[in-house]
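Given next are the chains, with one letter for each unit.
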Amino acid sequence: MIGDPTKLVIRARFSRLSGAELAPFRERSTSFVVDAMNGRGALHHAIKPLDPGSRMVGSALTARAGARDNLAALAALDLIEPDDVLVIATQGFEGTATLGDNMARIAQIRGALGVVTDGMDRDAAEIIALGLPVFCRGVTPNSAFPSGPGEVGLPLAMGEVTIESGDLIIGDRDGVVAVPRAQLPAVTARLELVAAQEAEMHAKVAAGEIRSLLQRYPELREQITYVE
């Protein structure tokens, strides 16, 4: 490579989701959203809330950092607007924390609804006390430092999921799901159908009308062999 890499690339302007676009998701579970996306969209199962009772729905603000680096995350704090969810990609690095209580506090003051990282956090007790939903791979006292290179506001990947600034991010006890903005109208429409079908199923199970889920798949029952 010729020359040193650019330390930081920032796209400061992008379209965020409106309150009306976020509203249909505020009371829905991540499981419902995944079902409305044909079984996809969830981030790695290790990314869970520091406080199991946390939930959030907001518009993604992306920051791509590297191992032991939090330059992009620090810069992204300056761009946070109300209803943003700060999404920090570290390629799953577990050696240092990307976020601590001071960063979380600033994010909250600026109006962030939550933070998601595929890396680690620290100061867990203080962050939980803030009440800001923070989702991460785990906790370590080790700290990162700003070094770069990094990107803010540009598309990033977390495992099999690509996230762009302005995508919908929803998180609860089960994990985090990203909904691409381009798919939002279709997913929103299917979400109501999923919710109605789940409510009907719950009622039938509770009433004892359904006692085996295999009966939903009659073609499979013919392929089952019972042995002594």
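Quick caveat: nothing in here was measured; it's all calculated off a predicted structure.

Rules used in this analysis
Residue positions are counted from 1 within each chain, in the order its sequence is given. Selection of residues for local features in this predicted model requires a pLDDT of at least 70, selection of side-chain atom pairs for listing and counting requires 80 or more, and totals for whole chains, interfaces and linings are taken over all residues. Side-chain metrics rest on all non-hydrogen atoms present in the structure, leaving aside hydrogens and water. The way it works is that DSSP assigns letters per residue, a run of H or I at least four long becomes a helix, a run of E at least two long becomes a strand, and they are numbered from the N terminus. Residue exposure (1.4 Å probe, protein chains only): buried if accessible area is under 20% of the type maximum, exposed if over 50%, otherwise partly exposed. Whether two residues are in contact is decided by their heavy atoms, any of which lying within 4.5 Å being enough. All accessible areas in this document rest on Shrake-Rupley with a 1.4 Å probe, and a residue is counted as covered only by the protein chains that are shown. We score Asp and Glu as negative and Lys and Arg as positive, and we do not count His or the chain ends. Charge positions come from single atoms, namely NZ of Lys, CZ of Arg, CG of Asp or CD of Glu. What a helix is expected to span follows from its residue count: subtract one and scale by 1.5 Å. Strands were regarded as paired on the criterion that DSSP finds at least two bridges between them. What counts as a salt bridge is simple: a side-chain nitrogen of Lys or Arg found within 4 Å of a carboxyl oxygen of Asp or Glu.

*Asks:* Can you lay out the overall build of the protein chain for me, pointing to particular residues and giving the numbers?
*Replies:* The number of helices and strands found in the protein chain is seven helices and 14 strands. Principal-axis analysis of the C-alpha atoms places the extent of the protein chain at approximately 65 × 45 × 40 Å. Looking at the protein chain as a whole, 43% of its 228 residues qualify as buried. Taking the intrachain contacts of the protein chain between residues at least 6 apart in sequence as the baseline, contacts between residues at least 24 apart amount to 77%. Here the protein chain has roughly 11,900 Å² of accessible surface; of this, 53% comes from carbon and sulfur atoms. Between the mean site of the 22 positive side-chain charges and the mean site of the 29 negative ones, the protein chain shows a separation of 1 Å.

*Asks:* I'd like a description of the side chain of Asp84, backed by residues and values.
*Replies:* Looking at the element boundaries, Asp84 is found in strand S4 (residues 84-89). For Asp84, the contacting residues outside a window of four places in its chain are Arg16, Ser59, Leu61, Leu79, Gly111, Ala112, Leu113 and Gly114.

*Asks:* Hey, could you go over helix H6 (residues 184-206) for me, with residue numbers and the actual values?
*Replies:* Its 23 residues give H6 an end-to-end C-alpha distance of 32 Å, which sits within 8% of 33 Å, the value for a rise of 1.5 Å per residue. Looking at the packing, one finds that the buried side of H6 touches helix H1 (19-22), helix H2 (30-36), strand S13 (168-172) and strand S14 (175-179). Phi for Gly208, located one or two positions after H6, is positive at around 80 degrees.

*Asks:* Describe the sheet that holds strand S5 (residues 97-99), with residues and values.
*Replies:* Sheet architecture is open: three strands sit in the order S5-S7-S9, paired in parallel fashion. Both edges of this open sheet fall to S5 and strand S9 (138-139), since each of them pairs with a single strand only. One ladder, built from two bridges, connects S5 with strand S7 (residues 120-121); its direction is parallel. Within S7, the residue paired with Ala97 across the bridge is Met120.

*Asks:* Mind laying out the pattern of salt bridges, listing which residues take part and the relevant values?
*Replies:* Taken as a whole and judged by the stated rule, the model has seven salt bridges. Its salt-bridge partner being Asp78, residue Arg110 comes within 3.8 Å of it at the nearest N-O pair. In this pair, Arg110 is assigned in the loop between helix H4 (101-109) and strand S6 (114-117) and Asp78 in the loop between helix H3 (71-77) and S4, connecting sequence segments 32 residues apart. Owing to a relative accessible area of 36%, Arg110 belongs among the partly exposed residues under this scheme. Classification of Asp78 by relative accessible area gives exposed; the value is 54%. One salt bridge in this structure joins Asp123 and Arg122, with 3.8 Å as the shortest N-O distance. Residue Asp123 is classed as partly exposed on the basis of its relative accessible area of 23%. Look at Arg122 and you get partly exposed, because its relative accessible area is 31%. Counted as one network, the salt bridges with shared partners bring together Arg16, Glu81 and Asp84.

*Asks:* So, the environment of Ser18: which residues are in play, and what are the values?
*Replies:* When you line up the elements, Ser18 lands in the loop between strand S1 (8-10) and H1. On the accessibility criterion, Ser18 (32% relative accessible area) is partly exposed. Sequence separation of Ser18 and Asp101 is 83 residues, and the distance between their C-alpha atoms is 28 Å.

*Asks:* Account for the pairing of S14, naming residues and giving values.
*Replies:* Each regular strand carries side chains that alternate between the two faces of the sheet. Most of S14 is tucked away, with five of its five residues classed as buried. Residue alternation in S14 divides its side chains into two sets, Gly175, Val177 and Val179 and Val176 and Ala178, and both sets are buried. Relative to S14, S13 runs antiparallel, the two sharing five bridges. Its bridge partner being in S14, Asp172 is matched across the sheet by Gly175. Taking the residues between adjacent antiparallel strands as the criterion, S13 and S14 are bridged by two residues.

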